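Chain by chain, the residues run as shown.
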Amino acid sequence: MIATLRYEFAMQVRRPSLWIVYALVFAVLIVALPFGSLDLNDYEGSVGRQAMSVAAQILVSLLPIVYGCMLADRPSRDRVLRVDGILDATPSGRTARLIGKYAGVCAATAVPFAVAYFGRALLYAVVEGQPSALGWAALTFLASIVPGLVFLGALAFAGPLLLPPMVFRVLFVAYWFWGNLIPAAMMPTLSHTIFSATGEYVRYGIVAPPPRAASGPARRPCSTSCARSRLRSPPGCGSA
Amino acid sequence: MRIDVSGLTKTYKGGARALDGLTLTVPTGMYGLLGSNGAGKTTFMRILAGLLRPTSGRVAIGGHDMATAEGRLAVQRTLGYLPQDLGVYPDLSARRFLDYIALLKGLHSRSARRRRIGELLEVVALSDVADRRLKGFSGGMLRRVGIAQALLADPRLLIVDEPTTGLDPEERIRFRTLLAQLAGDRTVLLSTHIVDDVAQTCRSLAVLAKGRLAFQGTVGDLVSHAYHRVWTVSTPGPAPVTGRVVSALPEGTGMRYRVVAAAPPDPRARPAEPTLEDGYLALMDG
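Computed from a predicted model, the values in this text were never measured in an experiment.

Trainee: Describe the nonpolar core, with residues and values.
Mentor: By size, the foremost hydrophobic cluster in this structure holds 61 residues, and its most contacted members are Phe97(B), Ile147(B), Leu158(B), Leu179(B) and Leu222(B). In terms of residue count, the dominant contributor to this core is helix α3 (residues 94-104) of chain B (eight residues). Residues contacting Leu179(B), with those up to four places away along its chain left out, are Met30(B), Ile147(B), Leu158(B), Val160(B), Pro163(B), Val188(B) and Leu190(B). Among the nonpolar cores identified, the runner-up in size contains 43 residues, and Leu18(A), Val54(A), Cys69(A) and Ala121(A) belong to it.

Trainee: Provide a residue-level description of the side chain of Ser61(A), including the pertinent values.
Mentor: All names here are of chain A. Locating Ser61 in the fold gives a position in helix α3 (residues 47-71). We classify Ser61 as buried; its relative accessible area is 13%. At 2.4 Å, the side chain of Ser61 and the backbone oxygen of Ile58 are in polar contact.

Trainee: Tell me about helix α7 (residues 132-162) of chain A, residues and numbers included.
Mentor: Look at α7(A): 45 Å from first C-alpha to last across 31 residues, which is about the 45 Å you get at 1.5 Å a residue. Of all the bends in α7(A), the greatest, near 40 degrees, is centred on Ile145(A), and the proline Pro147(A) appears no more than four residues after it.

Trainee: Break down the confidence of the model for chain A for me, citing the residues and quoting the values.
Mentor: Residue and element names in this part refer to chain A. Looking at chain A as a whole, its pLDDT mean stands at 82, while 81% of the residues score no less than 70. Predicted confidence in chain A is weakest over helix α11 (residues 234-237), with a mean pLDDT of 44, and strongest over helix α1 (residues 2-13), with 93. Throughout residues 213-223 the model reports pLDDT below 50, and contacts reaching past four residues in sequence, or to other chains, amount to 23 contacts. Within the model, the stretch residues 234-240 combines pLDDT values under 50 with 11 contacts to residues more than four positions away or in other chains.

Trainee: I'd like a rundown of the domain arrangement of chain B, residues and numbers included.
Mentor: Residue and element names in this part refer to chain B. Domain parsing of chain B yields domain 1 (1-78 + 155-219), domain 2 (87-153) and domain 3 (225-284). Placing the centre of domain 1 and that of domain 2 at their C-alpha centroids yields a distance of 24 Å. Between domain 1 and domain 2, the residue contacts involve 13 residues of the former and 11 residues of the latter. In this assembly, domain 1 packs against domain 2 so that about 1,000 Å² is buried in total across both faces, 67% of it on carbon and sulfur atoms.

Reading guide: rules and limits
- Residues numbered from 1 in each chain as written.
- Chains lettered and ligands numbered in written order.
- Predicted model: local features only at pLDDT ≥ 70, side-chain atom pairs only at ≥ 80, totals over all residues.
- Heavy atoms only, no water.
- Core = buried A, V, L, I, M, F, W, Y, C linked by side-chain atoms within 4.5 Å.
- Buried < 20%, exposed > 50% of the residue type's maximum accessible area, 1.4 Å probe, protein only.
- Helix = DSSP H or I, 4+ residues; strand = E, 2+ residues; numbered from the N terminus.
- Contact = heavy atoms within 4.5 Å.
- Polar contact = N/O pair within 3.5 Å; in protein donor to acceptor, adjacent residues only side chain to side chain.
- Expected span 1.5 Å × (residues − 1).
- Bend = angle between axes of the 7 residues up to and from the residue.
- pLDDT = per-residue confidence, 0-100.
- Domains from an automatic or database assignment.
- Buried area = accessible area lost by both parts, 1.4 Å probe.

Structure follows, in structure tokens:
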């Protein structure tokens, strides 16, 4: 398992397209969203932790799409490359190799994500003179972003077993916008519920509350049953 | 490492029967497995390597029952397998690819792994390009990487499926010589439809036809199937209509045909010494 983890990590992290696609989407984030300049006037409490929370919120709006899409071709790669015969003839178990592949590929695909996030945190800490922001960044990343990536990794590993990777990618992008970004006022959605993979429940709960003036993501989390009822009647429970 | 197979049957989804009650014993040493395309050789090899489960029948390798997970694991610990459609990771170098496979085969000591990989790269004459990415390798070079990975854990059983397909003549000769040298006290099972590869390397062989055992014995036994059935015919006219034409060589104004047939195919036919290929064709033609 460790060998597979190591080599799958190495092969994925050296993949040029991984860095190119992340860079393109990251550029969109910088141009279209305030990732470079964080307006923190609406926040309470520690400015550093709020800044890291908002930075995470911006990153998780689009980068998980790249994450899922770049994972989608990995589960079937051994079969496509016809390496599976050699691998299956070794005494290493299939399950161990699958776990190693999942962990290695997911970790490698998260590296550009982490570089973008911690790069921003480092910049903030240096420019604003708030080294504590690095600690808040680590907490936010581990508690709020990583669980979402773990779920998306599992989805991106299971989905292409049922669908061709290209079809899965299209559906994955649709899922991301529907299930994580679209406001509940528009249509029944998983957005801003506990089922959303953006990690905002954790972020708002343990890192920083949402900005006072914010809409959409600022809606306070309710409960699983509330989320379920929201799916049935979108306009009702959404204002909880 | 002896292989005992009895009543082996493999039926794929859709009803295609690749193996049909195959019973066979493979002794230690170099052993050839001949058969036309679709004869069931690859299915047989994949079952021996633990990649496929038979529909029925029994396979024991070195006393290990391949029907049990423990048996398959024990065999895979001593197995080197080179599949017909060999694939590699194009973004890894030959050395890194071999390192990965070595780890999967349980060679955990880094120094022992490095030493073994270095030795094998020498054996397959790839030391000079060991750190180049595999995507730049030719078919012959990839085959050599394939044989190197099969030998990593010093296997007692080596299964090679159509190893010389697509190689140029020089590579082919080098490859089969290497296999023959490796045999020694190992069991090397060479599956091929190239009769000459078996003729040059194996003493014993089996022939599969439509998933069944058509022949098992020595090379000499198979050649003897063609005794008094091989003829050469020199003629300016068309090829003989009876028997199977093995070769046709231009000769002066006519052609010289080599024919496998039960009776002289032409009044001008002369008897000829049979080869393994003649024996194989005589067997297949009944």
